[in-house]
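In case you want the letters, here they are:
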Amino acid sequence: MAYFRSNVLVCSDPECIGKGSEKILESLLAELSKKGLAEEVKVMDTPRIGDCDKGPEILVYPEGYHYVGLTVEDIPFLVEEQFLKGRPVNKLLAPPKKEEAQELREPTAKEVRVVLRNCGKINPENIEEYIAENGYAALAKVLTEKSPDEVIQIVKESGLRGRGGAGFSTGMKWALTRDTVGDVRYIICNADEGDPGAFMNRAVLEGDPHSVLEGMIIAAYAIGAQQGFVYCRAEYPIAVKTFEIAIKQAREYGLLGEHIFGTDFSFDLEVRQGAGAFVCGEETALIASIEGKRGEPRPRPPFPSVRGLFGKPTSINNVESYANVPQIILNGPEWFASMGTEKSKGTKTFALAGDVKKTGLIEVPFGITLREIIYDVGGGIKNDLGFKAIQTGGPMGGCLPEEFLDLPVDYERLSQAGSIMGSGGMVVLDEETCMVDIAKFFVKFIQDESCGKCVPCRVGTRRMLEILTRITEGNGRPDDIDLLEQLSVEIRQDSLCGLGQGAPNPVVSTIKHFRKEYEAHINDKVCPAKVCRALISYEIDPEKCVGCTLCARNCPVNCISGELKKTHVIDPDICIRCGICKQVCNYGAVLVK
Amino acid sequence: MTVNTKDSKDMVKTVDLIIDEFHAKKEELIPILMKVSQELGHISTPALEQISERMHIPQSQVYSVASFYRLIYTKSTGRHVIKFCESAPCHVAGGREVWNAIQKELKVKPGETSADGKWTLTTTSCLGVCAVGPVMMVDEDIYGNLRPDQLTDILGKYE
Amino acid sequence: MNAIKSLDDLKKIREEALAKRKVTETSGATQVIVGMGTCGIAAGARETMKAVLEYIEAKNLPNIVVTQTGCIGLCEQEPILQVVMSEKEKVTYGKVSPEVVKTIMENHVEKGEVVEGHVIPMQG
């Protein structure tokens, strides 16, 4: 079928017709024919462009130039400049409008929704709603106008960095994959969002799957890949289902498969589910999993961009990285780079969880401070309790206390502060949190998920967990803190992959900022936050107890005695400190000491 | 132990159909194991032998892959499997109290199946709905904003 | 559905979809949108959706379009329900249990009175 390098739409709204648009159309056709361009430039009429008061008007694609107030006399010059020399005629262009993106950049609302722009606004199971929001226009632009190298250049210039946590330049990764010699290449979408507290990717996969799909198809074109995989964790069954529907619809509409948009480019992809292993979020472990093996990381180099899936060059990018690409193509790399900080461009989605009032997803430009995130966007601490710390970046991230609240958030600054960006999870912790308990929690998670391949991680994290457990049970020893610090250094230096290397972060950061809590547990056998069960006791306040017997009836070990309407008593020897009595008491009579 | 021939034939047929669905390709081993685990309840020894034979992969290797992944069950489970989120954000949102209550309600310990074979209680890592924590899944159903007093009603829905 | 083979085809689909949307907005139909992301479902969105559909059927209400959407990011407010009355701004409600569905359907959808107590102020 004929392939036109340019498409011209002439507005044939009654108002424009009244101003002579039919003559403009005729004149265009004649002039293009005269210059031998009739086979290259297609001219069509369209019912409405929108600025008829300035008509006649035309739109030139793929650039999107909007010419207004045209006369027949303008046409020869316009055709010569625009279609022969490729230069727009500025004096005939419509005056610049406020960009659509402006509405997102309201200074009062701190959020800027790029990746999340369609979430909650469209029906994700209907591709036409995505198209209505300018969906697949970026792909069209890329396939009809840009070479693969130009696409890579645009992504490089935007400054987009891998949103999965490593923060490597996405454009660079694509270039490296493309530059590796070979016929077969793969692209993979890492949708194995396993960080506890992170669910940004899930929201995008469920709410706007086509934005990711479009980004992947563009990436495949840029890199020269024929096949792709979306590796999605099995704990997200709805995301898997929604994405499979999106793929099916994209195939029906010819956006996946052979000769996409009538070009030589063919590409298809499938969804592959994980099976419950957190470590498969690490790229080499992910590859092993798709290949049907145990999800064990391997040393790098060689990096996947050189030797990846089935030994072929592979580019693995995060869901959010792909979701940004269509907007970067449509609005230009400068637009993206105008947001954020010097080295961290654009916006980032974060998942706010824990003790904050407005839990959920946010998307903000880099450079916003933690204080703004927690208080302005997040609404402050639940129940108006005091702020203790914020844990960022998932289980391999650190805990940052109050003195870091004014830290502008970007990749470098979070690392320098002793934490990491990770995929964007942020867990807010209030004054009633025990930081030793939190460290133990994260280390337990890492221990469970350690693949077991290398000793520093497999054995080291187990030893750390044993020590932390002893401390929270009141059996801490005087040299435990030193031992934890020593272990941390060794585990970090010698582990094979990011999971092990990051494992000590929760411990190191909590010891650094909350050393006194560790000391209280170890030396005084006290848990200042009254969380660690072995170090607290439950008592009933005789002044408040009315003898309703509710606590006694709910106690799982029957350790509460007392008669109706008489003060009740807890037997500390039998009490297991489960906290159920405190929960059910309507008089606030149960005290924790 | 005598194995009911009828059951065993059904098992083999189920496994074969699943393997055929994925064209017995070696790289599809994990989706195959997941599906067998879901349809049969877990990867039994006969199922493992069948997979090994059809796909020409040593049994030890099949087991090594199956046992690596948390969602592929290598031990038999109860009629219903509860997956309770044990990650920090749910823990911080009141998960501890619900966790204690559920063990009390079902009289099982984590990783175990109840005496009547109805419930297996397991923990899961983050389900990605932290903002509505504490969260658990019962089979394929997901429940958020959990409180101990809701458990009886929720669990009562399952036979 | 014919495959998209050119920019022109894409533009046509876009225009049709926008036109369809305009038709729904100006037709006098009311849209009721329920958030069915996993967070919504975990908070009970399936029961909310069921309550909406049952209400419409029981009262035989005409001209109502019920659709679903994904996670808006206000997970803590789930289940979320949005009402768009013809040519009016979208109103977003939070913590919409089946009981609250009844209140919203009676007051807002049937009588056009927004139920202030459950509205979530939306930015942007």
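Note that the coordinates shown come from a computational prediction; the quantities given were computed from them, not determined experimentally.

Thresholds, definitions, all that
Numbering of residues starts from 1 in every chain and runs along the sequence as written. The order in which chains are written sets their letters, starting at A; the order in which ligands are written sets their numbers, starting at 1. For this predicted model, a pLDDT threshold of at least 70 governs which residues receive local features, and a threshold of 80 or more governs which side-chain atom pairs are given and counted, while totals over whole chains, interfaces and linings are taken from all residues. Excluding hydrogens and water, the side-chain values take into account all heavy atoms of the structure. Here, two residues are considered to be in contact whenever any of their heavy atoms come within 4.5 Å of each other. Note on terms: buried area is the combined drop in 1.4 Å-probe accessible area of two parts once they are placed together, counting the loss on both. For this document, the term salt bridge refers to a Lys or Arg side-chain nitrogen within 4 Å of an Asp or Glu carboxyl oxygen. Polar contacts, as used here, are pairs of N or O atoms within 3.5 Å; protein pairs need one atom able to donate a hydrogen and one able to accept it. Residues neighboring in sequence count only if both atoms are side-chain atoms. Following DSSP output, two strands are said to pair if at least two bridges run between them. Helix and strand labels come from DSSP, where a helix needs a run of H or I of at least four residues and a strand needs a run of E of at least two; each type is numbered from the N terminus. A fitted line through C-alpha atoms serves as each axis, taken over the contacting stretch for helices, and the angle formed by two N-to-C directions is quoted from 0 to 180°. Domain ranges listed in this record stem from an automatic or a database domain assignment. Three classes are used: nonpolar for Ala, Val, Leu, Ile, Met, Phe, Trp, Tyr, Cys and Pro, charged for Asp, Glu, Lys and Arg, and polar for all others, with Gly counted as polar. In these notes, a set of buried Ala, Val, Leu, Ile, Met, Phe, Trp, Tyr and Cys residues joined through side-chain atoms within 4.5 Å is what counts as a nonpolar core. The cut-offs for exposure are 20% and 50% of the maximum accessible area for each residue type, with area from a 1.4 Å probe on protein chains only; residues under the lower value are buried, those over the upper are exposed, and the others partly exposed. Only residues whose relative accessible area exceeds 30% and that form no salt bridge enter a patch; like-charged residues are grouped when within 9 Å of one another, and nonpolar side chains (Val, Leu, Ile, Met, Phe, Trp, Tyr) when within 5 Å. To measure how exposed things are, a 1.4 Å probe is used in the Shrake-Rupley method; for residues, cover is taken only from the protein chains shown. Note on scores: pLDDT gives the predictor's confidence for each residue, bounded by 0 and 100. Two cysteine sulfurs form what is called a disulfide whenever their separation falls within 2.5 Å.

A.B. asks: Report on the interface of chain B and chain A, specifying residues and quantitative values.
C.D. replies: Every contact between the two is made by 34 residues of chain B and, on the other side, 51 residues of chain A. Both sides of the chain B and chain A interface together cover about 3300 Å² of buried area, and 59% of this is carbon and sulfur. With its nearest N and O atoms 3.6 Å apart, the salt bridge here joins B:Glu86 to A:Lys444. On inspection of chain B and its partner chain A, the count reaches 11 residue pairs in polar contact (both at pLDDT 80 or more).

A.B. asks: Go over the sheet that holds strand S2 (residues 119–124) of chain B, please, and point to the residues and values.
C.D. replies: Residues and elements named next belong to chain B. Read across the open sheet, the 4 strands follow the order S2-S1-S3-S4; overall the sheet is mixed. The strands lining the two open edges of the sheet, one partner per strand, are S2 and strand S4 (141–143). The mean inter-strand angle of the sheet, taken between neighbouring strand axes irrespective of direction, is 20 degrees. Pairing of strand S1 (residues 80–85) with strand S3 (residues 136–138) involves 3 bridges; the strand directions are antiparallel. Its bridge partner being in S3, Ile-82 is matched across the sheet by Val-138. Here helix H5 (residues 88–106) sits on the sheet in contact with S1, S2 and S3, set at roughly 150 degrees to S1.

A.B. asks: Give me the side chain of A:Glu111: which residues, what numbers.
C.D. replies: All names here are of chain A. Residue placement: Glu-111 occurs in the loop between helix H3 (75–84) and helix H4 (127–132). Among the polar contacts made by the side chain of Glu-111, one reaches the side chain of Arg-113 at a distance of 3.2 Å. Polar side-chain contacts of Glu-111 include one of 3.1 Å to the backbone nitrogen of Glu-363.

A.B. asks: Any details on the domain arrangement of chain A? Residues and values, ideally.
C.D. replies: All names here are of chain A. As far as domains go, chain A holds domain 1 (6–92), domain 2 (127–337), domain 3 (347–430), domain 4 (435–523) and domain 5 (537–592). Computed over C-alpha atoms, the centres of domain 2 and domain 3 are 27 Å apart. On the domain 3 side, the residues contacting the 17 residues of domain 2 number 20 residues. Overall, the association of domain 2 and domain 3 removes approximately 1400 Å² of surface from exposure, summing both partners, and the carbon and sulfur fraction of that is 58%. Counting every contact that joins domain 2 to domain 3 gives 2 salt bridges. Note that Glu-412 is salt-bridged to Arg-161, the shortest N-O span being 3.3 Å. Our enumeration of links across domain 2 and domain 3 arrives at 6 residue pairs in polar contact (both at pLDDT 80 or more). Elements supplying a minimum of two residues to the side of domain 2 that touches domain 3: helix H8 (200–207) and helix H12 (319–331). The residue makeup of the side of domain 2 that touches domain 3, split by class, is 7 nonpolar, 6 polar and 4 charged.

A.B. asks: Let's hear about the nonpolar core: which residues, and what values?
C.D. replies: If you look at the biggest cluster of nonpolar residues, it comprises 95 residues, and the most contacted ones within it are A:Tyr136, A:Trp174 and A:Leu213. Here this core takes 10 residues from helix H9 (residues 209–223) of chain A, the largest share from any one element. When neighbours within four sequence positions are excluded, A:Leu213 is seen to be in contact with A:Tyr136, A:Phe243, A:Ala246, A:Ile247, A:Ala250, A:Leu256 and A:Leu269. The next biggest cluster of nonpolar side chains, apart from the first, holds 49 residues, and it includes A:Cys451, B:Ile30, B:Met34 and B:Ala47.

A.B. asks: Explain the sheet that holds strand S11 (residues 387–392) of chain A to me, using residue names and the numbers behind them.
C.D. replies: The strands making up a sheet associate through hydrogen bonds between their backbones, and the pairing can be parallel or antiparallel. All names here are of chain A. Strand order in the open sheet formed by 5 strands is S10-S9-S13-S11-S12, with mixed pairing between adjacent strands. Looking along the sheet, the strands with just one partner apiece sit at the ends: strand S10 (360–365) and strand S12 (399–401). On average, each strand axis in the sheet is inclined to that of its neighbour by 30 degrees, with strand direction left out of account. The pairing of strand S9 (residues 347–354) with S10 spans 6 bridges and is antiparallel. Looking across to S10, one finds that Thr-349 is bridged to Glu-363.

A.B. asks: How would you explain a nonpolar patch on the surface if you had to name every residue and give the values?
C.D. replies: Together, A:Phe168, A:Met172 and A:Leu176 make up a nonpolar patch on the protein surface, roughly 260 Å² of accessible area in all. Position of A:Leu176 among the secondary structure elements: in helix H7 (residues 170–179).

A.B. asks: Residues and numbers for the pattern of salt bridges, please.
C.D. replies: For the coordinates displayed, the defined rule picks out 47 salt bridges over all chains. By sharing partners, the salt bridges in this structure join A:Glu31, A:Lys35, A:Glu80, A:Glu81, A:Lys85 and A:Arg87 into a single network.

A.B. asks: Outline the interface of chain A and chain C, listing residues and values.
C.D. replies: Opposite the 47 residues of chain A that make contact, chain C presents 34 residues. Together chain A and chain C conceal approximately 3200 Å² of surface at their shared face, both sides included; 56% is due to carbon and sulfur atoms. Applying the counting criterion to the chain A and chain C interface returns 2 salt bridges. Here C:Lys20 and A:Glu128 are joined by a salt bridge, their closest N and O atoms 3.4 Å apart.

A.B. asks: Kindly report on the confidence of the model for chain C, identifying the contributing residues and their values.
C.D. replies: For residues with low pLDDT, the predicted coordinates do not support detailed interpretation. Residues and elements named next belong to chain C. The share of residues in chain C with pLDDT of 70 or more is 96%, and the mean pLDDT across the chain is 86. Of all secondary-structure elements in chain C, the lowest mean pLDDT belongs to helix H1 (residues 7–26), at 83, while helix H3 (residues 45–59) reaches the highest, 93. Interface confidence for the predicted complex, given as ipTM, is 0.87, next to a pTM of 0.80.

A.B. asks: Provide a residue-level description of the state of the cysteines, including the pertinent values.
C.D. replies: Residues and elements named next belong to chain A. In the structure shown here, the tally under the stated rule is 0 disulfides over all chains. No disulfide involves Cys-451; its sulfur sits 6.3 Å from that of Cys-497, the nearest cysteine. Among the residues examined, Cys-451 registers a relative accessible area of 16% and is labelled buried. Here Cys-575 is not disulfide-linked; the sulfur of Cys-559 is the nearest cysteine sulfur, at 4.6 Å.

A.B. asks: Before we move on, could you go through unusual backbone geometry and cite the residues and values that matter?
C.D. replies: The omega angle of the peptide bond from A:Arg300 to A:Pro301 is 10 degrees, so this bond is cis rather than trans. Residue position: A:Pro301 is located in the loop between helix H11 (283–290) and strand S8 (314–318). Put simply, A:Pro301 and A:Pro302 share a cis peptide bond, and its omega is 0 degrees. Inspection of the secondary structure puts A:Pro302 in the loop between H11 and S8. A positive phi angle, close to 55 degrees, is found at B:His56, a residue other than glycine. Note on placement: B:His56 falls in the loop between helix H3 (45–55) and helix H4 (59–68).

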